[in-house]
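# Observations on the three-dimensional arrangement
Here is how the chains run, residue by residue.
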Number of protein chains: 2
Amino acid sequence: MNNYFNRHLYQINAYTPGEQPSGKKIIKLNTNENPYPPSPKIQKALDKFSIDSLRKYPNPTSWDLREEIAKFHGLNVDEVLITNGSDEALSILFQSCLEPSDRVILPYPTYSLYPILTELLMNESRVVKIPLKQDLHLDFDTLKKQKGKLLSFASPNAPTGVLENRVQLLDLVQNFKGIVLVDEAYIDFAVENSTLIQEIRNFDNLVVTRTFSKSYSLAGLRVGYLVSNKDNISLMYKLKDSYNVGKISQLIALEAFKDRKYFNSVIKMIIKSRVMLTKELEKLGFIVIYSQANFLFAKPTKEKAEAVFQYLREKNIFIRYFTDNISQNYIRITVGTDEENRILIQVLEKMH
Amino acid sequence: MNNYFNRHLYQINAYTPGEQPSGKKIIKLNTNENPYPPSPKIQKALDKFSIDSLRKYPNPTSWDLREEIAKFHGLNVDEVLITNGSDEALSILFQSCLEPSDRVILPYPTYSLYPILTELLMNESRVVKIPLKQDLHLDFDTLKKQKGKLLSFASPNAPTGVLENRVQLLDLVQNFKGIVLVDEAYIDFAVENSTLIQEIRNFDNLVVTRTFSKSYSLAGLRVGYLVSNKDNISLMYKLKDSYNVGKISQLIALEAFKDRKYFNSVIKMIIKSRVMLTKELEKLGFIVIYSQANFLFAKPTKEKAEAVFQYLREKNIFIRYFTDNISQNYIRITVGTDEENRILIQVLEKMH
């Protein structure tokens, strides 16, 4: 072992993304990908795209996309930062606000990348984990009392799929003395008007992130965005790579974003399937947490969660299992097509 | 001003990329883009690409591309890290080895992103700038004596285009006690066997970066890579975003990389044009630094450099002008097509 690199890097583990098995027989319900293809308008736009134009650098701020997104949310362009997936948005935010000895407040469990981003930055930063309540909702009373530089969670939360009450969320943002990151990766699958995006005008400590990976069926593209007040954006802008999103990515994301009709129809199908799948799992004795995302967090009552996960895996159905104290009793299942969900239920029926 | 973000972020300036003017009449010789389009094989591969596959996450390590690049350089896959442009490679490297109070040694001038990456990380890190010698070569004697965590420069250097002697470079790597980053963004335009890539097997403090933006005509795509010994790569891997390069980017970069015949023909044309343009500028009284890159660093003897820059700009020819002590007497001109270079010379002739 040499000592060229930061000491704490040697100890920590990298984030482990869900498996990406390939093969025609596999049903992949483990990484919350969208079961439907992205907008068909993308192909038409790509057919017109000149490969020759790739010799020049892309627009550094993804201008056309940024403008379209800002307009849609009723915001100004300088309140939006386009990123290489929402992963880059999270990296930039954590890097821009954390210094050694700062405290990061996280509900527990939430998206497992947040503690890793903290540890990667500096081992001296301390992560304070506040467990979810028995009903898997955020423990607002305890969270509000915490002192920290950053509070971070997903809304709806992951891996639970639980969406919190808007009034309670805003009360938390108002009472927390540091930055509050609300990761809205799954918000498009929630009831309308659940987003806090417009609230960045009212709270200068609020940062909201979004991704094209889930609701726009573009996990393979890598585009996301971050919304906050313009002073915050101009600070975080300094930390992004000069040309962080390529030309083709900007083009495809823009086409997908503009095709609201297709987008809405996909969301509608997934929500309908989510409701159906919830009922079917309940019939099989699962306790299913009420989800506002494109996945279900479900507790088997007849077998251990890990046994269900392993059984499905042997049958070529990939779901997700997390080993933390709370999640270990649950499995997380991405909502697939109705056909995929039907096969899942049939295979589960045979387990008994 | 609030105090949510790191204090030093408020003071520093972001990196300023060269202008990206658009318009048919403009001759753009300011950002070292390749004047030729990328490999025609890209279009064929893209025509076969299924947009539907974008709904799933990409391979997290860009496996096929990584394998092809490793094979080409005679390295193992675990000695290569594929990044979102070489900008991400640089960010990851700086982030992985710098801690507060560390010193960064930079020749002066070199690529202007390096000092900014240092300042972005922490204001306590100190940049020590070692001026180039009178002949614009690295001052090896002084560099060797420096103590620092990181020494970073481009090879060939930017904005000078100067390539250093291999023996001197390796002697510097051997004698420097921290990481040496050799940024080979322009190495494909240099004489054969100038790369230090294979030397990562001999020096565990050597990191080499490459980009697809220049020699592969893919600035608009955002793909680069970083090469170092496998222990270093596995540490830096922890800092990259899980899915840092999208599916289409992986595919296009792979096609461009595999098409060695087209690649070699483009390089040959640019080198030929570079030699011609050097002669023409010398005829006009410029002192032209011997370049091994796709740009020329030239000192006008009749007018001030800034005046030449401004004059060309008014004539819709964009070149680059830097204001530091050494560069202020030079202009940097990207080698264009022969037609673009001819117009440049004609316009310069009229200045006298």
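This text gives an overview of the structure that appears in the document.

Criteria and cut-off values
- Residues numbered from 1 in each chain as written.
- Chains lettered and ligands numbered in written order.
- Predicted model: local features only at pLDDT ≥ 70, side-chain atom pairs only at ≥ 80, totals over all residues.
- Heavy atoms only, no water.
- Helix = DSSP H or I, 4+ residues; strand = E, 2+ residues; numbered from the N terminus.
- Buried < 20%, exposed > 50% of the residue type's maximum accessible area, 1.4 Å probe, protein only.
- Contact = heavy atoms within 4.5 Å.
- Lys, Arg positive; Asp, Glu negative; His and termini not counted.
- Charge placed at Lys NZ, Arg CZ, Asp CG, Glu CD.
- Axes fitted to C-alpha atoms, helices over the stretch in contact; angles between N-to-C directions.
- Parallel < 35°, antiparallel > 145°, perpendicular 65-115°, else oblique.
- Left-handed = near helix turned anticlockwise from the far one by under 90°.
- Nonpolar A, V, L, I, M, F, W, Y, C, P; charged D, E, K, R; others polar.
- Phe/Tyr/Trp six-rings, centres within 6.5 Å; stacked < 30°, edge-to-face > 60°.
- Lys NZ or Arg CZ within 6 Å of the ring centre and 35° of its normal.
- Pairing = 2+ DSSP bridges.
- Patch = residues over 30% accessible without salt bridge, like charges linked within 9 Å, V, L, I, M, F, W, Y side chains within 5 Å.
- Areas by Shrake-Rupley, 256 points an atom, 1.4 Å probe, with all protein chains shown as cover.
- Salt bridge = Lys/Arg side-chain N within 4 Å of Asp/Glu carboxyl O.
- Least-squares fit on C-alpha atoms with pLDDT ≥ 70 in both.
- Buried area = accessible area lost by both parts, 1.4 Å probe.

### Notes on the overall build of chain A
- Check the secondary structure of chain A and you find twelve helices and twelve strands.
- If one aligns the C-alpha atoms of chain A with their principal axes, the spans along those axes are about 55 × 50 × 50 Å.
- Each of the 352 residues in chain A was classed as buried or not, and the buried ones make up 65%.
- Long-range contacts, defined as pairs at least 24 residues apart, comprise 75% of the intrachain contacts of chain A with a sequence gap of at least 6.
- Between the averaged position of the 46 positive side-chain charges in chain A and that of its 40 negative side-chain charges there is a distance of 2 Å.

### Side note on the packing of helix H11 (residues 305-314) of chain A against helix H12 (residues 338-349) of chain A
Residues and elements named next belong to chain A.
- Between H11 and H12, whose axes approach to 11 Å, the crossing angle comes to 115°. Viewed along their axes, H11 and H12 adopt a mutual orientation that is roughly perpendicular. Taken as a pair, H11 and H12 cross one another with a handedness that is right-handed. Facing H11, whose interface residues are Val 308, Tyr 311 and Leu 312, H12 presents Leu 344, Val 347 and Leu 348.
- When grouped by side-chain class, the residues that make up the contact of H11 with H12 number six nonpolar, no polar and no charged.

### Some words on the packing of aromatic side chains
- Applying the stated criterion across every chain yields a total of 26 aromatic pairs over all chains.
- Aromatic side chains Tyr 57 of chain A and Tyr 243 of chain A sit 4.4 Å apart centroid to centroid with 25° between the ring planes, which places their arrangement in the stacked category. Linking Tyr 57 of chain A in the loop between helix H2 (41-48) and helix H3 (63-73) with Tyr 243 of chain A in the loop between helix H8 (230-237) and helix H9 (247-258), this pair joins segments that are 186 residues apart in sequence.
- Residue classification places Tyr 57 of chain A among the buried positions, given a relative accessible area of 13%.
- On the accessibility criterion, Tyr 243 of chain A (5% relative accessible area) is buried.
- Here Arg 332 of chain A stacks its cationic end above the ring of Phe 295 of chain A, 5.6 Å away from the centre of that ring.
- Here the basic side chain of Arg 260 of chain B rests over the ring of Phe 72 of chain B, its NZ or CZ set 4.1 Å away from the ring centre.

### Focus on the sheet that holds strand E4 (residues 126-131) of chain A
Residues and elements named next belong to chain A.
- Read across the open sheet, the seven strands follow the order E2-E8-E7-E6-E5-E3-E4; overall the sheet is mixed. For this open sheet the edge positions go to strand E2 (80-83) and E4, each flanked by a neighbour on one side alone. Ignoring which end each strand starts from, the neighbouring axes of this sheet average 20° apart.

### Considering a positive patch on the surface
All names here are of chain A.
- Taken together, Lys 41, Lys 44, Lys 48, Lys 258 and Lys 261 make up a surface patch of like positive charges.
- Here the positive patch gets three residues from one element, more than from any other, and that element is H2.
- Within the secondary structure, Lys 44 is located in helix H2.
- In this structure Lys 44 comes out as exposed when scored by relative accessible area, which is 59%.

### Comments concerning the sheet that holds strand E10 (residues 295-299) of chain B
Residue and element names in this part refer to chain B.
- The sheet built from three strands is open, its strands ordered E9-E10-E12 with antiparallel pairing. Each having just a single partner strand, strand E9 (287-288) and strand E12 (331-334) make up the two edges of the open sheet.
- Pairing of E9 with E10 involves two bridges; the strand directions are antiparallel. Paired with Val 288 across the strands is Ala 298, a residue of E10.
- Across the sheet, helix H10 (residues 260-283) touches E9, E10 and E12, and the angle it forms with E10 is around 10°.

### Re the relation of the copies chain A and chain B
- Superposing chain A onto chain B requires a rotation of 180° together with a translation of 0.0 Å along the rotation axis, leaving an RMSD of 0.0 Å. In short, the pair behaves as if placed about a two-fold rotation axis.
- Comparing contact sets, 100% of the residues at the interface of chain A also lie at the interface in chain B, consistent with an isologous, same-surface contact.

### Describing the environment of Lys 25 of chain A
- Inspection of the secondary structure assignment puts Lys 25 of chain A in the loop between helix H1 (7-11) and strand E1 (27-28).
- Look at Lys 25 of chain A and you get exposed, because its relative accessible area is 72%.

### Some remarks on the interface of chain A and chain B
- Listed by partner, the interface residues are 74 residues for chain A and 74 residues for chain B.
- Buried surface at the junction of chain A and chain B, both sides included, amounts to about 6500 Å², of which 55% is carbon and sulfur.
- For the chain A face of the interface with chain B, the top three residues by lost area are Tyr 4, Arg 55 and Tyr 57 of chain A, together amounting to 13%.
- Seen at the junction of chain A and chain B, the total is two salt bridges.
- Residue Glu 99 of chain B is joined to Arg 7 of chain A by a salt bridge in which the shortest nitrogen-to-oxygen separation is 3.6 Å.
- Elements represented by at least two residues in the side of chain A that touches chain B include exactly H1, H2, helix H4 (85-97), helix H5 (113-121), H8 and H9 of chain A.
- Top contributing element to the side of chain A that touches chain B by residue count: H4 of chain A, with seven residues.
- For the side of chain A that touches chain B, a count of residues per class yields 35 nonpolar, 22 polar and 17 charged.

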